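Secondary and tertiary structure notes
Listed here are the chains, written in short residue letters.
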Amino acid sequence: MRIGTLGNGLMAEALASQWVKAGHDVMVGGRSADKAVEVAKRVGATAGTLEEAAAYGDVVLLAVPAEVAVEVAGLVPAGTTLIDCTNALDHRDFTLAHPATAEAISQAVPEVRVVKAFNLAADAVWRNPPAGLGVPICGDSGVNQVAELVRDLGCMPVLAGGLRRAKLLEATAALAIGIWVSGGDVREMFPPLAAAFGDVLPGQP
Ligand SMILES: NC(=O)c1ccc[n+]([C@@H]2O[C@H](COP(=O)([O-])OP(=O)(O)OC[C@H]3O[C@@H](n4cnc5c(N)ncnc54)[C@H](OP(=O)(O)O)[C@@H]3O)[C@@H](O)[C@H]2O)c1
């Protein structure tokens with residue numbers, strides 16, 4: 001797959017390095033040519049401007065601050081799959097500074113296939129992902145490509161519904177980050193499937 005990154009920061013570098021290792025052709029796109037070249041060299045990718053990376057990818061990773069996500073997504077050509085990993089976090093109290101970023105992107109660029117993914121864990125996790133980690137994905141199309149990119153990390157795609165549910169994933173990230181920074185472990189909150197549903201599992205007769 002050809003993958004462009006919009007941004008050359010922590011998330012772009014972490015995910016680009018994994019996708020290069022998995023055999024994909026990656027272009028790191030940045031507004032600073034020097035920084036994009038530096039990051040691209042470290043991960044074994046090529047470097048370009050934001051415009052070049054947007055045009056390069058069958059899939060484009062949008063890894064910029066959420067407040068500029070809609071503006072930067074405007075560079076992405078119609079038909080491309082855009083992975084939105086942004087979190088519009090208000091760091092004062094770990095709430096969302098604004099809701100539904102992925103939906104706002106999709107409304108601004110309706111011909112782009114927007115998929116929310118990779119926002120639920122830190123860049124350090126993506127640099128060295130625990131095998132089998134579940135990665136929730138929300139989107140209406142482009143989901144299969146993103147699921148493949150999740151598997152390339154040794155992780156497990158969790159299809160979490162259409163793009164309208166992406167705002168729930170954004171809120172979940174804010175909740176989880178707030179718990180993590182206060183020393184909690186979010187894994188303690190979720191029971192196994194059987195405990196949640198008893199003998200009758202959902203989807204079974
Ligand atoms: N880091 C994490 O653990 C993590 C986890 C989940 C989700 N996220 C989300 O992922 C996104 C990226 O996070 P990050 O940690 O990679 O951030 P980062 O290291 O600060 O990198 C941000 C990138 O966005 C670029 N950028 C900033 N303002 C821009 C603008 N106005 N126009 C174009 N590019 C701009 C920066 O360019 P310059 O290098 O030129 O400044 C940089 O390449 C954020 O929305 C964040 O909430 C982060």
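Residues numbered from 1 in each chain as written. Predicted model: local features only at pLDDT ≥ 70, side-chain atom pairs only at ≥ 80, totals over all residues. Heavy atoms only, no water.

**What to know about the overall build of the protein chain**
Within the protein chain, the regular secondary structure consists of nine helices and ten strands. In terms of C-alpha radius of gyration, the protein chain reaches 17 Å, essentially the compact-globule figure of 17 Å for 205 residues. Seen through its principal axes, the protein chain has C-alpha atoms that stretch 55 × 35 × 35 Å. Across the protein chain, the fraction of contacts at a sequence separation of at least 24, relative to all contacts at a separation of at least 6, is 57%. (Helix = DSSP H or I, 4+ residues; strand = E, 2+ residues; numbered from the N terminus. Rg over C-alpha atoms; globule rule 2.2 N^0.38 Å. Contact = heavy atoms within 4.5 Å.)

**Description of the UniProt feature "domain: Pyrroline-5-carboxylate reductase catalytic N-terminal" (unreviewed entry) in the protein chain**
Taking the numbering used here, the UniProt-annotated feature "domain: Pyrroline-5-carboxylate reductase catalytic N-terminal" (unreviewed entry) corresponds to residues 2-87. Counted over residues 2-87, helix gives 41% and strand 24%. Its end C-alpha atoms are 24 Å apart. (UniProt positions renumbered as here; feature names shortened; annotations may be inferred.)

**A word on the nonpolar core**
In this structure, Leu15, Trp19, Ile83, Phe118, Trp126 and Ile137 are the most contacted members of the largest nonpolar core, which totals 33 residues. At the level of elements, α1 (10-21), β2 (25-29), α2 (33-43), β4 (59-62), β9 (134-139) and α7 (143-151) are the ones that each hand at least two residues to this core. Excluding residues within four positions of it along the chain, Phe118 makes contact with Met11, Leu15, Trp19, Ile83, Cys85, Trp126, Val135, Pro136, Val146, Leu149, Val150 and Leu153. (Core = buried A, V, L, I, M, F, W, Y, C linked by side-chain atoms within 4.5 Å. Buried < 20%, exposed > 50% of the residue type's maximum accessible area, 1.4 Å probe, protein only.)

**Overview of the site of the ligand**
Around the ligand, the surrounding shell holds 21 residues, and the nearest of these are Asn8, Leu10, Met11, Val64 and Asp123. At 3.1 Å, a side-chain N or O of Lys35 approaches an oxygen atom of the ligand. One nitrogen or oxygen atom from the main chain of Asp123 is found 2.9 Å from an oxygen atom belonging to the ligand. Its free accessible area being 900 Å², the ligand has 75% of it covered by the protein chains. A class-by-class count of the residues in the shell around the ligand yields twelve nonpolar, six polar and three charged. (Near = heavy atom within 4 Å. Polar contact = N/O pair within 3.5 Å; in protein donor to acceptor, adjacent residues only side chain to side chain. Areas by Shrake-Rupley, 256 points an atom, 1.4 Å probe, with all protein chains shown as cover. Nonpolar A, V, L, I, M, F, W, Y, C, P; charged D, E, K, R; others polar.)

**Some details on the pairing of β2**
Among the five residues in β2, four count as buried, and that is most of the element. Strand direction decides the pairing type here: strand β1 (residues 2-6) and β2, joined by five bridges, are parallel. From the neighbouring strand, Leu6 faces β2, where its bridge partner is Gly29. Once the chain exits β1 it traverses α1 before rejoining the sheet at β2, and the crossover so formed is right-handed. Crossover β2 to strand β3 (residues 46-48) through α2 is right-handed. (Pairing = 2+ DSSP bridges. Right-handed = clockwise from strand over helix to strand, strands pointing away.)

**A closer look at the sheet that holds β2**
Spatially, the eight strands line up as an open sheet ordered β3-β2-β1-β4-β5-β8-β9-β10, and their pairing is mixed. Because the sheet does not close on itself, it has two edges, and the strands there are β3 and β10 (156-159). Pairwise comparison of adjacent strand axes, ignoring direction, gives a mean angle of 30 degrees for this sheet. Both β9 and β10 contribute to a ladder of four bridges, which runs parallel. Considered in β10, the bridge of Val135 is made with Pro157. Of the strands in this sheet, β2 and β3 touch α2, which is tilted by about 165 degrees from β3. (Axes fitted to C-alpha atoms, helices over the stretch in contact; angles between N-to-C directions.)

**As for unusual backbone geometry**
Despite not being glycine, Phe94 has its phi angle at roughly 55 degrees, a positive value. Looking at the secondary structure, you find Phe94 in the loop between β6 (89-90) and β7 (95-96). When its relative accessible area of 24% is taken as the criterion, Phe94 is described as partly exposed. Of note in the backbone geometry, Phe118 takes a positive phi value of approximately 65 degrees without being a glycine.

**Some thoughts on the pattern of salt bridges**
Inspection of every chain in the model, using the stated rule, returns eight salt bridges. Residue Lys116 pairs with Glu170 through a salt bridge whose shortest N-O separation is 2.9 Å. Remark: Glu170 occurs in helix α8 (residues 166-181) and Lys116 occurs in strand β8 (residues 113-116); sequence separation between them is 54 residues. Glu170 shares its class with Lys116; the two are buried. Linked through salt bridges whose partners overlap, the residues forming this network are Glu13, Glu38 and Arg42. (Salt bridge = Lys/Arg side-chain N within 4 Å of Asp/Glu carboxyl O.)

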